[in-house]
Amino acid sequence: MTRNLGEFCARFVAPLLGGGTVHVAAPVRPADFRAMANELATLRNSDVAALRLQRAQQLVAEPDLHDPGAEELALWVALYNLLVLDHPDRGRVWARQATWRRVESAARYWLLFARPEGFSAALANHAAVGAFLELSRRDQILSGAEGELRFVGQEIPRRRLRWTVPGALSVREETIVWWSSAHVPEVAALQQDVLWASPVTCLLRPLTAPPGYSPLEGASFLRHRAFARAVCHAWASSRHWIEIGGTVLGSLLFSLTGRPLSGAAPAAQGAGAPSAGAKPMLALPAPVDTAGPEDVAALVAALIHVHFLRVLELGARLGVAPTSRDRPVQMFLALPLLLPTLGDVLGSPLGGASGLGFDAAVERRWIEYIDHLGELIPRSVVENLLATLVPRVVKAEK
């Protein structure tokens, strides 16, 4: 592995951020990291700086990104070493198991070191982690009378095709998303650390967030209007928007109260529910005074706005099935019913006095939707929210 930062960026970081082909060789050692950290000033006007800005602009129109620092380099290096640990030819590399344990340990340390402080650092981390989650490889599969042979991320060697009877073999390609494929145990364990290093990614993809993650970790970022808009649209545009809402709200309430929601049932399989296997993230209790009532209010407002966006797209009523008995899902569906109580704090999705009001048709659809929820959601769910959630949001007004 070269100690030159420019070559590392050209072979891995730039292709990762720009959607190109990343190249993986030997693992990055701590000595290599220290040497590259001394060259970070050279990235100020480089292709990498432009690519990370473009990735951030896909989320926020005018991102305020700081120059790459040691923490961001640590994230890049850790992501690179994960690919090294998971390389299909790793078994052919002459190295003791203790060497691979050191590589794993260093990657875990760098991911912990890379956890961001502030929105700018979190946005920069998402530029890398978001691209990392989208990485894919092309496998070639050789099929014959004796079965199939898969070449992971590689072309089939010519020697295997040269001396065969024409028509006896067939070749096909499959594109595999690396993140969701099977991994060696070390990499599977490190995937959660990757997500912990990017709270923006976890907020945008709550169904992917690791166990123990709370949406309060990134709730303060919702005070940035452009980012809050991006989060709301990301949640609302998913066909699993109801499951996302139930996941976020259930995790939020567990963070606030320290008690899991009782009466939870498997999510209803309808237009807004994911396929079997999606589970709400478990959140560890987060002190309310640490998160702040404004953060709780921002999350609740974002969840209510998801309802409104679905109403604008005429897709909400179809996704709300009367069989939704999952407790977090019911509570998410009940949130618009709290607007008479929370309107003074959160405002109204319709705009009201702000001058951003919608036409009468939209207002009518929104009122009809709330009436539909009132018929669908048990009164006990609304009363539960009035007792547990509303007092923590109302504090934001004071």
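Under an unreviewed UniProt entry, the chain has the name DUF547 domain-containing protein and belongs to Nannocystis pusilla.

Caption draft 1: Expanded view of the overall build of the chain. Counting its secondary structure elements, the chain contains 19 helices and 3 strands. Counting all 398 residues of the chain, 48% fall into the buried class. Once local pairs closer than 6 in sequence are excluded, the contacts in the chain between residues at least 24 apart make up 79%. Surface accessibility of the chain: about 19900 Å² in total, with carbon and sulfur atoms responsible for 52%.

Caption draft 2: Fine view of the nonpolar core. In terms of nonpolar packing, the biggest core is built from 115 residues, with F8, F227, W235, L249, L335 and L389 touching the most fellow members. Leave out the neighbours within four places in its chain, and W235 touches L203, L204, P206, W241, I244, V248, L299, A302, L303 and V306.

Caption draft 3: Up close: the packing of aromatic side chains. Scanning the model with the defined rule gives 14 aromatic pairs in all. Seen from their ring centres, F33 and W110 are 5.4 Å apart, and the 40 degrees between their planes marks the pair as tilted. Taken together, the positions of F33 in helix α2 (residues 30-37) and W110 in helix α5 (residues 97-113) put the pair 77 residues apart, joining distant regions of the chain. Of the two residues examined, F33 and W110, each falls in the buried class. Each residue in the set F8, F12 and Y80 is aromatic and connected to the rest through ring pairs, giving one cluster.

Caption draft 4: Layout of the pattern of salt bridges. Summed over the entire model, instances satisfying the criterion amount to 8 salt bridges. A salt bridge links D295 to R223; the nearest nitrogen and oxygen atoms lie 2.7 Å apart. Of the two residues, D295 sits in helix α13 (residues 293-312) while R223 sits in the loop between α9 (199-204) and α10 (225-236), which places them 72 residues apart along the sequence. Looking at R223, the relative accessible area reads 53%, which means it is exposed.

Caption draft 5: Geometry of helix α15 (residues 327-334). By the criterion of burial, α15 is predominantly enclosed, with 8 of the 8 residues buried. Among the residues making up α15, those that are buried are R327, P328, V329, Q330, M331, F332, L333 and A334. On the buried face of α15, the contacting elements are α11 (241-257), α13, α17 (360-376) and α18 (379-388).

Caption draft 6: Examining the packing of helix α4 (residues 70-85) against helix α6 (residues 119-133) more closely. In contact at an axis separation of 10 Å, α4 and α6 are set at 10 degrees when each is read in the N-to-C sense. Taken together, the axes of α4 and α6 lie roughly parallel to each other. As for the relative orientation of α4 and α6, their crossing is right-handed in sense. Contacts from E72, L75, W76, L79, L82 and L83 of α4 reach α6 at A124, N125, A128, V129 and F132. Residue classes in the contact of α4 with α6 are distributed as 9 nonpolar, 1 polar and 1 charged.

Caption draft 7: Spatial organisation of helix α1 (residues 5-18). Where α1 bends most, the angle comes to about 35 degrees, and this point is R11, followed within four residues by the proline P15. For α1, the full list of buried residues reads L5, F8, C9, F12, V13, A14, P15, L16 and L17. Here the buried face of α1 lies against α2, α3 (47-57), α4 and α6. Regarding α1, its N-cap is N4, as a side-chain oxygen of that residue lies 2.9 Å from the backbone nitrogen of G6 further along. Phi turns positive one or two residues past the end of α1, at G19, with a value near 80 degrees.

Caption draft 8: Layout of the confidence of the model for the chain. For the chain, the average pLDDT comes to 82, and 78% of its residues sit at 70 or higher. A low-confidence stretch, residues 263-289 stays under pLDDT 50, and its non-local contacts, those more than four residues away or across chains, total 62 contacts.

Caption draft 9: Region of the structure containing the environment of A182. Tracing the chain through its elements places A182 in the loop between β3 (170-177) and α8 (185-196). As a C-alpha pair, A182 and D86 span 96 residues in sequence and 9.5 Å in three-dimensional space.

Calculation rules
Residues numbered from 1 in each chain as written. Predicted model: local features only at pLDDT ≥ 70, side-chain atom pairs only at ≥ 80, totals over all residues. Heavy atoms only, no water. Helix = DSSP H or I, 4+ residues; strand = E, 2+ residues; numbered from the N terminus. Buried < 20%, exposed > 50% of the residue type's maximum accessible area, 1.4 Å probe, protein only. Contact = heavy atoms within 4.5 Å. Areas by Shrake-Rupley, 256 points an atom, 1.4 Å probe, with all protein chains shown as cover. Core = buried A, V, L, I, M, F, W, Y, C linked by side-chain atoms within 4.5 Å. Phe/Tyr/Trp six-rings, centres within 6.5 Å; stacked < 30°, edge-to-face > 60°. Salt bridge = Lys/Arg side-chain N within 4 Å of Asp/Glu carboxyl O. Axes fitted to C-alpha atoms, helices over the stretch in contact; angles between N-to-C directions. Parallel < 35°, antiparallel > 145°, perpendicular 65-115°, else oblique. Left-handed = near helix turned anticlockwise from the far one by under 90°. Nonpolar A, V, L, I, M, F, W, Y, C, P; charged D, E, K, R; others polar. Bend = angle between axes of the 7 residues up to and from the residue. Polar contact = N/O pair within 3.5 Å; in protein donor to acceptor, adjacent residues only side chain to side chain. pLDDT = per-residue confidence, 0-100.

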